[in-house]
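Coordinates in review
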Amino acid sequence: MKSDEYYMKLAIEQAKKAAAINEVPIGAVLVINDEVIASAHNLRETQQRSIAHAELLAIDAACKQIGFWRLENATLYVTLEPCAMCSGAIVLSRVNRVVYGASDPKGGCAGTLMNLLQEQRFNHQAEVISGVCEEECGQLLSSFFKEIRRKRKEEKKTTTGTT
């Protein structure tokens, strides 16, 4: 059986694919019985769809791959803590376990801002493991947004004529 770190490294590779096309670098890998069933990265900007999050794309691809909407024996590896929308999809698709890298203090719904994945009032809860490859996952996001700020600053200088 491969480790959580092994699969998180695959999710990180997905996040790097997102960054390469100017998407927020978030990647996801869905595993059942030690086999990668689906992997995805953010495509919100590319597809201009608010629901094109890595987690949703991976869940959708996994359901198509196995021909069933219940992912009861699945582990979802994602580089950033899932948001409310993705957490809802995780619960509804019955993903058994979620492993994430970096916490999201502004939108994380797997324990940071709130914990929808383990909400007892739902009919399904997922085991949550946080902080796997946290530094690398966080650095991908930090570098991405730092570069965006740098480019905006350069554009502003160019348009205002200051150097």
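Residues numbered from 1 in each chain as written. Predicted model: local features only at pLDDT ≥ 70, side-chain atom pairs only at ≥ 80, totals over all residues. Heavy atoms only, no water.

Membership of the largest hydrophobic core comes to 47 residues, with the highest contact counts inside it found for Met8, Leu30, Leu71 and Leu117. Those elements that place two or more of their residues in this core are helix H1 (4–20), strand E1 (27–32), strand E2 (35–41), helix H3 (54–66), strand E3 (74–80), helix H4 (84–92), strand E4 (97–102) and helix H5 (134–160). Aside from chain neighbours lying at most four places away, what touches Met8 is Tyr77, Val78, Thr79, Val99, Tyr100, Gly101, Val132, Cys133 and Cys137. (Core = buried A, V, L, I, M, F, W, Y, C linked by side-chain atoms within 4.5 Å. Buried < 20%, exposed > 50% of the residue type's maximum accessible area, 1.4 Å probe, protein only. Helix = DSSP H or I, 4+ residues; strand = E, 2+ residues; numbered from the N terminus. Contact = heavy atoms within 4.5 Å.)

Another aspect to go through is the pattern of salt bridges. Overall, the coordinates contain 8 salt bridges when judged by the stated rule. The closest approach of N and O atoms between Arg97 and Asp4, which form a salt bridge, is 2.7 Å. Linking Arg97 in strand E4 with Asp4 in helix H1, this pair joins segments that are 93 residues apart in sequence. One exposure class covers both Arg97 and Asp4, and it is buried. For Arg150, the salt bridge is made with Glu147, and the minimal N-O distance between the two is 2.6 Å. Remark: Glu147 and Arg150 occur in helix H5; sequence separation between them is 3 residues, near one turn of the helix. Looking at Glu147, the relative accessible area reads 31%, which means it is partly exposed. What you see here is one network of salt bridges that share partners, running through Asp4, Arg97 and Glu127. (Salt bridge = Lys/Arg side-chain N within 4 Å of Asp/Glu carboxyl O.)

What follows covers a nonpolar patch on the surface. A cluster of nonpolar side chains, namely Tyr6, Leu10 and Val36, defines an oily patch on the protein surface of about 230 Å² accessible area. Residue placement: Tyr6 occurs in helix H1. (Patch = residues over 30% accessible without salt bridge, like charges linked within 9 Å, V, L, I, M, F, W, Y side chains within 5 Å. Areas by Shrake-Rupley, 256 points an atom, 1.4 Å probe, with all protein chains shown as cover.)

Here, UniProt's "binding site: Zn(2+)" (unreviewed entry) annotation points to His53, Cys83 and Cys86. Look at the named residues: they lie 34 residues apart in sequence, but the longest C-alpha span between them is just 9.4 Å, so in the fold they bunch up. Filtering the just-named annotated residues for those lining the largest pocket gives His53, Cys83 and Cys86. In this view, Cys83 contacts His53, Glu55, Gly107 and Cys109; residues no more than four positions away in its chain are not counted. By the element assignment, Cys86 lies in helix H4. Excluding anything up to four places from it in sequence, Cys86 contacts His53, Glu55 and Leu56. (UniProt positions renumbered as here; feature names shortened; annotations may be inferred. 1 Å grid on protein atoms, 1.4 Å probe; cavity = no way out; pocket = protein on both sides within 12 Å on 5 of 7 lines; lining within 4 Å.)

Our next topic: the packing of aromatic side chains. One pass over the full model with this rule turns up 4 aromatic pairs. Between Phe144 and Phe145, the aromatic rings sit 5.2 Å apart at their centres with planes inclined by 80°, giving edge-to-face as the arrangement. Under the relative-accessibility criterion, Phe144 is labelled buried at 11%. Judged by its relative accessible area of 34%, Phe145 is partly exposed. Pairwise contacts between aromatic rings join Tyr6, Tyr7 and Tyr77 into one cluster. (Phe/Tyr/Trp six-rings, centres within 6.5 Å; stacked < 30°, edge-to-face > 60°.)

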